[in-house]
Structures are given as structure tokens and as C-alpha cells.
Amino acid sequence: MPELPEVETIVRELRKKVVGLKIKNAWVDPRRPVNTGVGAGWAQIKKQTKGKKILSVRRRAKYIVMDISGDKTLFVHQKISGHLLYGKWKLVNGVPKSAIHGPLEEDRQNGYIRFILYLNNGYQLGLSDLRRFGKVILVDDDKVKDLKEISGLGPEPLEINFSRFKKLFDPSNGLRARKKGRLKQVLMDPTFIAGIGNIYADEILWASGLHPLSRAENLDGKDIRRIYDHTIRILKKAIKYQGSSMDDYRLPSGKKGRFQDIQNAYQKTGQKCKKKDGGIIKRLVIGARSAHFCPKHQILK
Ligand SMILES: [Zn+2]
């Protein structure tokens, strides 16, 4: 699933391409329509986006928020395998085919276009979504904050300072956020902190030297400082490398990100730990998720 660095990369790329353009029309795969959540249905989305200008594209947690002229916002949750692409597609027997050569045409991860916004510069925004869990929600501007995806979110990791981060772990802080439980699950809990999923939770714990089954309530101040520092460093580095394309995620151009080339833990099962401590990366199932870690240097607390 695209996490903070992947969604941030998509948002930065799209900002350069689509802000200021007008939406001419919308298309949705009639056989497999994209989920429109609690927002307007497809007929309304087509009608209410027509002729509207894209004013801004921003990210909150793992979501893309596109403000359009008038009083509506397009909210995109890419979920497991969805990613927004910027290209040109032609319908061949009702199936979108890329009119641009290269990865948009050749990489199969880009070949599951379920939804298209036609723009007034001749280009299109397309949502490729193999597993079809993605959502496109059209809501009133003032209702965005009430969406269930948004309303309970924890802070943005790149926007909080250490003292606030430390408070998240403090049982007396009075926050609704989770302060107890297994570290991997806590880091992935969006009500605790936003935007971190499987890939970055594994990478942060590997770098911090903490076992994914460590309990959050057993950490001391130094552990929390290490987690904070590595979180900032790793997320920034992953944005610089334009995200991880280990799974389905691609850039709006259809190309792959490069962070998978420097990952240390996520999906590295059986490989030697890059700390050269003699450890071999192991995979462990926690709840419905897996964790990848080095049993040598990642300490269980
Ligand atoms: Zn190791």
C-alpha cells in the first residue's frame, strides 16, 4: 500500500502537472466502478467536476486531497494497489489503453485503469488499481475533516517535534491515541501517527534496533528518541528516492520509485543483515500483518 513517501511523491508530481488545469470530463469503468464511499455517486461526480479547475493537490496521511473550484473536494484513497497516473488513454472496446509508450503502456501495474479525469491540456489523470480497493470520494469542502478516513488521524510524523512525539507514548498524556501494544502495530496505527505502514514500520524498527514485538510501554526515552530520529530520516530519504516500488506503487509517470533498492528489512527475508552482525532477516506474522527484522541486533523490550 502506498505510504507517506509514496503518496507525497505522487502529490508533488501531480502538483507540477495538474494544478490550474480544468476537468473536461470523467470516465469510470462501468463493469468495475471505483468505490465512491460516502460521497456523491458516479453520475454526480461526472456532473459536478465538469469544467472545474484543479486548485491544489495535497496529502494528509496516505490520502490525496484535490481541491477543485466551487465548494467540492476530490478525496482519493489509493488503498492497497491504487496509484494515480498522468498520461493519455484511449478506450479500445471499453478498456483504456495507454496512448503513450513506455512504462504507462508496458508495466502491468499501470494497466488497470478504473477511473479517468480528462484535463483541458489533452492529458488525463487515471487511477490504476489492480485489486480495486481504491476510493474516489467527492465531498463538500467543509466535510473533508469529517470523513472517517480523516477524523481520527494522529499527527503527521514530519510535522511534529520530539517533545510532542514523546508524549504520544506517555500513558498520562490524555490522548485517545494508542500508547500500549506491540511496536510494529503501534507505529502502523493511523490514530497514533499518520502515514506509516508495513514498509516504513519495518525500516524504522530495523534502524532503531528494536524488535517488532517490543511493547511500546517498555520503551525508555532513548528508545523513543531513536525511533523519532530514524522516522524523520527514513521518511525524508524515501521521499527523496520517490518511494518504494517493491509492490504495486508507481510514480504518476508510470516509472518506479527507487527506495526498494536501499531497503534494509522490508521483504528482505533470508538475506544477511546489512549491519554485518551475522543476522539473517526473518519474517514474522503479527495479527494479519508480517514484520521483517534482524534477530541479532533488534532487541525485544
Ligand atoms: Zn542485524
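Residues numbered from 1 in each chain as written. Predicted model: local features only at pLDDT ≥ 70, side-chain atom pairs only at ≥ 80, totals over all residues. Heavy atoms only, no water.

Asks: So what's going on with the packing of helix 1 (residues 4-18) against helix 8 (residues 221-240)? Residues and values would help.
Replies: In helix packing, the relevant descriptors are the interaxial angle and the interaxial distance, both defined with respect to the helix axes. One can describe the packing of helix 1 onto helix 8 by two numbers: an axis separation of 9 Å at closest approach and a directional angle of 40°. Looking at the two axes, helix 1 sits oblique to helix 8. The handedness of the crossing between helix 1 and helix 8 is right-handed. For the pair helix 1 and helix 8, the contacting residues are Leu-4, Pro-5, Glu-8, Thr-9 and Arg-12 in the first and Leu-235, Ala-238 and Ile-239 in the second. Taken together, the residues of the contact of helix 1 with helix 8 sort by class into five nonpolar, one polar and two charged. (Axes fitted to C-alpha atoms, helices over the stretch in contact; angles between N-to-C directions. Helix = DSSP H or I, 4+ residues; strand = E, 2+ residues; numbered from the N terminus. Parallel < 35°, antiparallel > 145°, perpendicular 65-115°, else oblique. Left-handed = near helix turned anticlockwise from the far one by under 90°. Contact = heavy atoms within 4.5 Å. Nonpolar A, V, L, I, M, F, W, Y, C, P; charged D, E, K, R; others polar.)

Asks: Give me the lowdown on empty space enclosed by the protein, citing residues and values where you can.
Replies: For the structure shown, the criterion picks out two cavities of 30 Å³ or more. The space that makes up the largest cavity amounts to roughly 70 Å³. Lining the largest cavity, in full, are Met-1, Pro-2, Glu-6, Ile-80, Ser-81, Gly-82, Ile-199, Ser-244, Met-246, Asp-247, Asp-248 and Tyr-249. For the lining of the largest cavity, the class distribution of residues is six nonpolar, three polar and three charged. (1 Å grid on protein atoms, 1.4 Å probe; cavity = no way out; pocket = protein on both sides within 12 Å on 5 of 7 lines; lining within 4 Å. Points joined across faces, edges and corners; volume = space filled by probe spheres on them.)

Asks: Quick one: what's the story with the coordination of the zinc ion, residue by residue and with numbers?
Replies: The protein atoms donating to the zinc ion are Cys-273 (SG), Asp-277 (OD), Cys-294 (SG) and His-297 (ND1), with metal-donor distances spanning 2.0 to 2.3 Å. For the zinc ion, the four donor atoms in the first shell make angles of 99 to 122° at the metal, so the coordination geometry reads as tetrahedral. (Donors = N, O, S within 2.8 Å, 3.2 Å for Na, K, Ca; no water. Tetrahedral: all angles 85-135°; square planar, octahedral: opposite > 155°, others 65-115°.)

Asks: Break down the pattern of salt bridges for me, citing the residues and quoting the values.
Replies: In this structure the tally under the stated criterion is 18 salt bridges. The salt bridge partner of Glu-156 is Arg-60, with a shortest N-O separation of 2.9 Å. Residue Glu-156 is located in the loop between helix 4 (148-151) and helix 5 (162-168), and its partner Arg-60 is located in strand 2 (residues 54-60); the two are separated by 96 residues in the primary sequence. Residue Arg-60 is classed as partly exposed on the basis of its relative accessible area, which comes to 21%. Taking the shortest distance from any N to any O, the salt bridge between Lys-301 and Asp-223 comes out at 2.8 Å. On the criterion of sequence distance, the pair formed by Lys-301 in the segment after strand 12 (289-293) and Asp-223 in helix 8 is long-range, its members being 78 residues apart. Assessed through its relative accessible area of 3%, Asp-223 is described here as buried. Within this structure, Glu-8, Arg-12, Arg-59, Arg-60 and Glu-156 form a network of salt bridges that share partners. (Salt bridge = Lys/Arg side-chain N within 4 Å of Asp/Glu carboxyl O. Buried < 20%, exposed > 50% of the residue type's maximum accessible area, 1.4 Å probe, protein only.)

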